[in-house]
Amino acid sequence: MITDFLNGEYVHEVQILIFSLTLGGVYALMASGLTLVFGVMRIVNLAHPAFIFIAAYISYYAFTELNLDPMESILINVPLMFIFGVIVYRVFLASGADQPRYTEKTVLLTFALALMIEGVLGYLFTGANRSTTPTYTTEVFFTGEAQYLVPKAQLYALLMSLVLIIFTWSFLQFTRMGYAIRATMQNRAAAQTVGVNVKWVSTFSFGMGTALAGAAGALMSFLFSFFPNTHWEWVALLLSLIVLGGMGSLVGAVVGAFLLAGTAGLVSDAYGPSWSPLTFYAALFLILLIRPQGLFGKKLEMT
Amino acid sequence: MTLLEVKGLVAGYGSGPDILRGIDLTLEAGQIQCIIGPNGAGKSTLLKVICGILKPRDGEVIFEGESITRLRPDQVLKKGICFVPQERSLFPHMTVGENLRMGGYALKNARETRKRIKEIYRQFPTLKQKRWQAANQLSGGQQQMLAMGRAMVLSPKIVLLDEPSLGLAPLIVEHIFEIVRQFKENGITVLMVEQNAHKGLEFADWGLVLDLGKNVFDGPADTILADPRIQELYLGTRRVQEGI
Amino acid sequence: MTSVPVSAQEQPLVRSKLKSKHSILGLIILLLFLFPLTQLITANNLNYYLHLMLFIFMYIAMASSWNILGGYAGYISLGHNVFFAVGGYFSSYLLLRDGYSPFFTAPIAGFVAMALAFLVGFITLRVRGPAFIISTIALVLVFRIRLDNWERLGGANGLKLPLIDLPVEQIKFPFYYGMLILAIITVYTSYRIRHSKFGLGLRAISQNETKAEASGIPTSFYKIFAFAISGYFVGVAGAMWGYYLTYITPSIFLLILVGAQMVLMCILGGRGTVAGPVIGAIIMIGTNEFFLSEFGSSELNIFGTGAILAAVLLFFPEGIVGSLRKIGRLPAILDWD
């Protein structure tokens, strides 16, 4: 198989995989915030893609008005979205975290939140599909003997996503706050008994998840076009990634993202582009039924 | 010296009925005090209120002369009261070492934490041996040992133990109570809840009997063990079993 | 000693209250049936009001139908509009192909929706809580893509349907009566289910599924059956709605907002109560209409829907009926349980 790849037997397929896997990084970044928020607080945040869209619009205006490269606007998005996330958490989600059926309530609440954001975005930015167009969106690299095409924008986005994910992972692994977040994920009650201020950790994690959405939004602004109500399509896509990887697992989200991005690319190539999103939804159904705990995670139940 | 005082505590969960219906408790420094009573007497609930996880509906918790009734769990911990809940109190996917590090979370001083963890390892060689293993791979007794060791990292003034012997084999139970004694030797006051009333009182200095959310009796542990009425009511089953 | 005469007095009092409640409800229904006829007599143009009311009837039916699964059994579906679409497409397709009036095929369309619900429920009802909710969102998106690309059914452009052959002052009548009857049947069914052994089982499932199963309730069968019934009426509504609009597209039925409306109406009115969805539907359609006519913007409508949903969830999670009942202020006329 591998030698066939190297011998150029599968030039077309490899090219397809290059196209789709370079998007996998951004999917992973988008999903990382979602999985973090679920892991720490058991919140299934249906508004996560709406958050990404807000950030994408910020990047869009930073690009058109301030002439700021979308990659640079990450620096604006991250703090702004962090603050936004903290406020949203405090206003909508903080109460009742220890009650039964909290997760179910958060699904409905974030659903409501997503509708509100959609309404506001639609009101402010009606009209066309938008996207930012820095020069590298039209440029490509050629690589390998077969002269594979690597779109510059996708490659940059992939690298940036990987950097941000590794940064997030290291933060969780090595800092004091990271310890507290992981402890809260694994055993909320015990975290409390060793002196973790679970409320603040939850608030911070939600802010962090939203900040990751902020970074993802900047990358999204030049990779995909966006329109206020198309965020729903992303909900199921992102959920399928983290359900596959195991809800709450960062590594799982990354693996799930690349796995499904690759599969969707091949499916789209074989059966036509409209089938590509169906890959994600079908995967979501299958995983929920066959292995609800996903590859790396815990079972998603009525908690 | 009175370290902790509980006065007229009333508490319950959610909008449910009162579980604690006016409890008083006095804990002297350096003591091991054991709370006994039948299921549903409110023993665990009492510990949860003291450490701030559950807010009381009425009454007061006074620690070193200062009310801690309204404090958050992490604030209570900083005052020096450490709670070891009934089972599942570890971080399952963290290593033994990381779990101990989490024990020192409230210290904010990495070097001090390391020093104390070293001391724990000296006292519990088993934990040192397993330091790289994930907590969920330990046996029940080792997990309990780790939970108690983790409480020691902070060297708190009071440690609250909720049924430390629950679900453990008799041999290991013996070992766990040795650790309880070790707390005392390290100058840590112990307030524990025990279902295994005989064993608990044997190791304790002072006993408190709760029933239906109220104090029934309190006094020196050996007096309680000897009291025929309490034997009858609260240690009865045990005596019958031993009689056989 | 004194308790005997008191209770003896109370009994007939309760009965007469009940009787008067029934007669008031009966009167309201009678007036609703007579209302369109005033258009013929007075020659006022009431078409706008007829439109608004049949729209409310439709949502009463859909929200009550949703309530059977979402309220009684506690399984929240954000994808019930799939059944709406299936009903609409089935009847419209038969109308175009063979000329069968959707009024006759609507009950069958309901069964098609029901069959689909059986199939989907068989798969997705094996998971609970959030996992189930997520799967219902995915369901909507799957259907959206499928219909957008189904050339035979017009793809994303949909199908155009012939106008019903009636003079303009009567053109809304069949739809008005159709939706009114559907609403009455749905609410009555919901009421009967609530008071049946089946309904009791569903409520047990919503409280604690493991315990319900342990006490001998066939939980999987009950859940799937509840899902199917709650798909039925939504399918019937879809069949009539497509004909009413004279065209159908995937975006009419499969907007997330349509599914959200059903959920919101139930939660606003009171999940798991019989009257809740009815009250919720009336209020929501009223506010929607207000938003649309005052601000003329559907974006604000979306925002408003979200904001109301959030506010209800945060402040009155038991909805209007549930909250009023809790404080003992529920008017007898709204107590249908």
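Data block above holds the structure.
What counts and what doesn't
- Residues numbered from 1 in each chain as written.
- Chains lettered and ligands numbered in written order.
- Predicted model: local features only at pLDDT ≥ 70, side-chain atom pairs only at ≥ 80, totals over all residues.
- Heavy atoms only, no water.
- Helix = DSSP H or I, 4+ residues; strand = E, 2+ residues; numbered from the N terminus.
- Rg over C-alpha atoms; globule rule 2.2 N^0.38 Å.
- Buried < 20%, exposed > 50% of the residue type's maximum accessible area, 1.4 Å probe, protein only.
- Contact = heavy atoms within 4.5 Å.
- Areas by Shrake-Rupley, 256 points an atom, 1.4 Å probe, with all protein chains shown as cover.
- Lys, Arg positive; Asp, Glu negative; His and termini not counted.
- Charge placed at Lys NZ, Arg CZ, Asp CG, Glu CD.
- Pairing = 2+ DSSP bridges.
- Axes fitted to C-alpha atoms, helices over the stretch in contact; angles between N-to-C directions.
- Right-handed = clockwise from strand over helix to strand, strands pointing away.
- Buried area = accessible area lost by both parts, 1.4 Å probe.
- Salt bridge = Lys/Arg side-chain N within 4 Å of Asp/Glu carboxyl O.
- Polar contact = N/O pair within 3.5 Å; in protein donor to acceptor, adjacent residues only side chain to side chain.
- Parallel < 35°, antiparallel > 145°, perpendicular 65-115°, else oblique.
- Nonpolar A, V, L, I, M, F, W, Y, C, P; charged D, E, K, R; others polar.
- Phe/Tyr/Trp six-rings, centres within 6.5 Å; stacked < 30°, edge-to-face > 60°.
- Lys NZ or Arg CZ within 6 Å of the ring centre and 35° of its normal.
- Patch = residues over 30% accessible without salt bridge, like charges linked within 9 Å, V, L, I, M, F, W, Y side chains within 5 Å.

A few words now on the overall build of chain C. Per the secondary structure count, chain C includes 15 helices and 2 strands. Relative to a compact globule of 337 residues, whose C-alpha radius of gyration would be 20 Å, chain C shows 21 Å and is just as compact. In terms of principal-axis extent, the alpha carbons of chain C reach across some 75 × 55 × 40 Å. A buried classification covers 55% of the 337 residues belonging to chain C. Contacts spanning at least 24 positions in sequence make up 78% of the contacts within chain C whose residues lie at least 6 apart. Put simply, chain C shows about 14,900 Å² of open surface, and 67% of that area lies on carbon and sulfur atoms.

Along its length, chain B carries 11 helices and 10 strands. Over its C-alpha atoms chain B spans a radius of gyration of 18 Å, differing by no more than 12% from the 18 Å that the globule rule assigns to 244 residues. Oriented by its inertia axes, the alpha-carbon framework of chain B measures out at about 50 × 45 × 35 Å. Burial status across chain B gives 53% buried among its 244 residues. When contacts within chain B are restricted to residue pairs at least 6 apart in sequence, those whose partners lie at least 24 apart make up 66%. When the accessible surface of chain B is split by element, carbon and sulfur atoms take 50% of a total near 11,200 Å². Measuring between centres, the 31 positive side-chain charges of chain B sit 10 Å from its 27 negative side-chain charges.

This brings us to the sheet that holds strand β4 (residues 58–63) of chain B. Residue and element names in this part refer to chain B. Pairing within the open sheet is antiparallel, and its 4 strands lie in the order β2-β1-β4-β5. Two strands close off the open sheet at either side, each with one partner strand: β2 (20–28) and β5 (66–67). Where strand β1 (residues 2–11) lies against β4, 5 bridges are found, and the strand directions are antiparallel. Bridge pairing links E5 to I62 in β4.

The next thing to look at is the sheet that holds strand β7 (residues 158–162) of chain B. Residues and elements named next belong to chain B. The strand order across the open sheet built from 6 strands is β6-β7-β8-β3-β9-β10, with neighbouring strands paired in mixed fashion. A single partner strand is all that each edge strand has here, and the edge strands are β6 (81–84) and β10 (214–220). Going from strand to strand, the sheet's axes swing by 15 degrees on average, the running direction of each strand aside. As paired elements, β6 and β7 share 4 bridges and run parallel to each other. Bridge pairing links V84 to L161 in β7.

Here the focus is the pairing of strand β8 (residues 189–193) of chain B. Residues and elements named next belong to chain B. Counting buried residues along β8, 5 of its 5 residues qualify, which places the element largely inside the surrounding structure. Of the two faces of β8, the one lined by T189, L191 and V193 and the one lined by V190 and M192 are each fully buried. Both strand β3 (residues 32–36) and β8 contribute to a ladder of 4 bridges, which runs parallel. Within the sheet, the bridge partner assigned to C34 lies in β8 and is M192. With 5 bridges joining them, β7 and β8 adopt parallel strand pairing. Residue pairing in the sheet places L161 in a bridge with M192 of β8. Crossover connection from β7 via helix α7 (residues 170–185) to parallel β8: handedness right-handed.

A word on the side chain of C:N47. All names here are of chain C. As for its position among the elements, N47 is in helix α3 (residues 47–73). A residue is classified by how much of its surface remains accessible, and N47, at 14% relative accessible area, is buried. Excluding residues that lie within four positions of it along the chain, N47 makes contacts with Q39, V168, E169 and K172.

With 22 residues of chain B at the contact, the number on the chain A side is 16 residues. When chain B packs against chain A, the two sides together hide about 1,900 Å² of surface, and 59% of this comes from carbon and sulfur. Linking chain B with chain A are 1 salt bridge, by the criterion used here. Close ionic contact of B:E98 with A:R182 constitutes a salt bridge, the shortest N to O distance being 3.3 Å. Counting across the chain B and chain A interface gives 6 residue pairs in polar contact (both at pLDDT 80 or more). Secondary structure elements with two or more residues in the side of chain B that touches chain A: α2 (73–79) and α3 (96–103) of chain B.

Turning next to the interface of chain A and chain C. Each partner contributes to the interface: chain A provides 36 residues, whereas chain C provides 40 residues. At the boundary of chain A with chain C, total buried surface from both sides reaches about 3,600 Å², with 83% on carbon and sulfur atoms. When residues of chain A are sorted by the area they lose upon contact with chain C, A:L108, A:F285 and A:L289 head the list and together hold 18% of the total. Connecting chain A to chain C are 1 salt bridge. Between C:R271 and A:E104 there is a salt bridge, and its shortest N-O distance comes to 3.9 Å. Tallying contributions element by element places helix α5 (residues 102–124) of chain A first for the side of chain A that touches chain C, with 15 residues.

Residues and elements named next belong to chain A. In contact at an axis separation of 9 Å, helix α2 (residues 11–41) and helix α10 (residues 231–245) are set at 80 degrees when each is read in the N-to-C sense. Here α10 runs roughly perpendicular to α2, going by the angle between their axes. Residues Y27, M30, A31, L34 and T35 of α2 touch α10, and the partners they reach there are W234, L237, L238, L239, L241 and I242. Each residue belonging to the contact of α2 with α10 can be placed in one class, and the counts come to 10 nonpolar, 1 polar and no charged.

Moving on: the packing of aromatic side chains. The final tally for this structure, using the stated rule, is 46 aromatic pairs over all chains. Each ring, one from C:F118 and one from C:F225, has its centre 6.5 Å from the other, and the planes form 45 degrees; the classification is tilted. Linking C:F118 in helix α5 (residues 102–124) with C:F225 in helix α10 (residues 219–245), this pair joins segments that are 107 residues apart in sequence. Judged by its relative accessible area of 34%, C:F118 falls in the partly exposed class. Looking at C:F225, the relative accessible area reads 28%, which means it is partly exposed. Ring centres of C:F175 and C:Y243 lie 5.6 Å apart, and the angle between their planes is 70 degrees; this geometry places the pair in the edge-to-face category. A residue pair is termed long-range when its members are at least 10 positions apart, and C:F175 in helix α7 (residues 173–194) and C:Y243 in helix α10 qualify at 68 residues. Across the pair, exposure class does not vary: C:F175 and C:Y243 are buried alike. In this structure an aromatic cluster arises from ring pairing among C:F55, C:Y59, C:F103, C:F175, C:W241, C:Y243 and C:Y244. Looking at A:R182, its charged tip hangs above the ring of A:Y179, at a distance of 4.9 Å from the centre. The ring of C:W150 has C:R146 sitting right over it, with the charged end atom 4.8 Å from the ring centre.

Evaluation of the coordinates by the stated rule reveals 19 salt bridges over all chains. Between B:E66 and B:K79 there is a salt bridge, with the nearest N and O atoms lying 3.0 Å from each other. Of this pair, B:E66 sits in strand β5 while B:K79 sits in helix α2, and the two are 13 residues apart along the sequence. Assessed through its relative accessible area of 40%, B:E66 is described here as partly exposed. Residues B:E202 and B:K199 are paired through a salt bridge, measuring 3.8 Å at the closest nitrogen-oxygen approach. Of this pair, B:E202 and B:K199 are both found in helix α8 (residues 197–203), 3 residues apart, which corresponds to roughly one turn of the helix. Here the salt bridges share partners, and the residues they tie into one network are A:R101, A:E104 and C:R271.

As a further point, take unusual backbone geometry. Positive phi is not limited to glycine here, since A:N67 has a value of about 60 degrees. Along the chain, the position of A:N67 falls in the loop between α3 (48–66) and α4 (70–93). Taking relative accessible area as the criterion, A:N67 reaches 66% and is therefore assigned exposed. Of note, the phi angle at C:T246 is positive, near 70 degrees, even though the residue is not glycine. Structurally, C:T246 is set in the loop between α10 and β2 (247–248). Given the relative accessible area of 15%, C:T246 is considered buried.

Now for a nonpolar patch on the surface. Residues and elements named next belong to chain C. Taken together, the side chains of L27, L30, L31, L34, L37, L40 and I41 present a nonpolar region at the surface, about 670 Å² in accessible area. Elements with a minimum of two residues in the nonpolar patch: α1 (3–34) and α2 (37–42). At 4 residues, α1 tops the list of elements feeding residues into the nonpolar patch. Looking at the element boundaries, L37 is found in helix α2.

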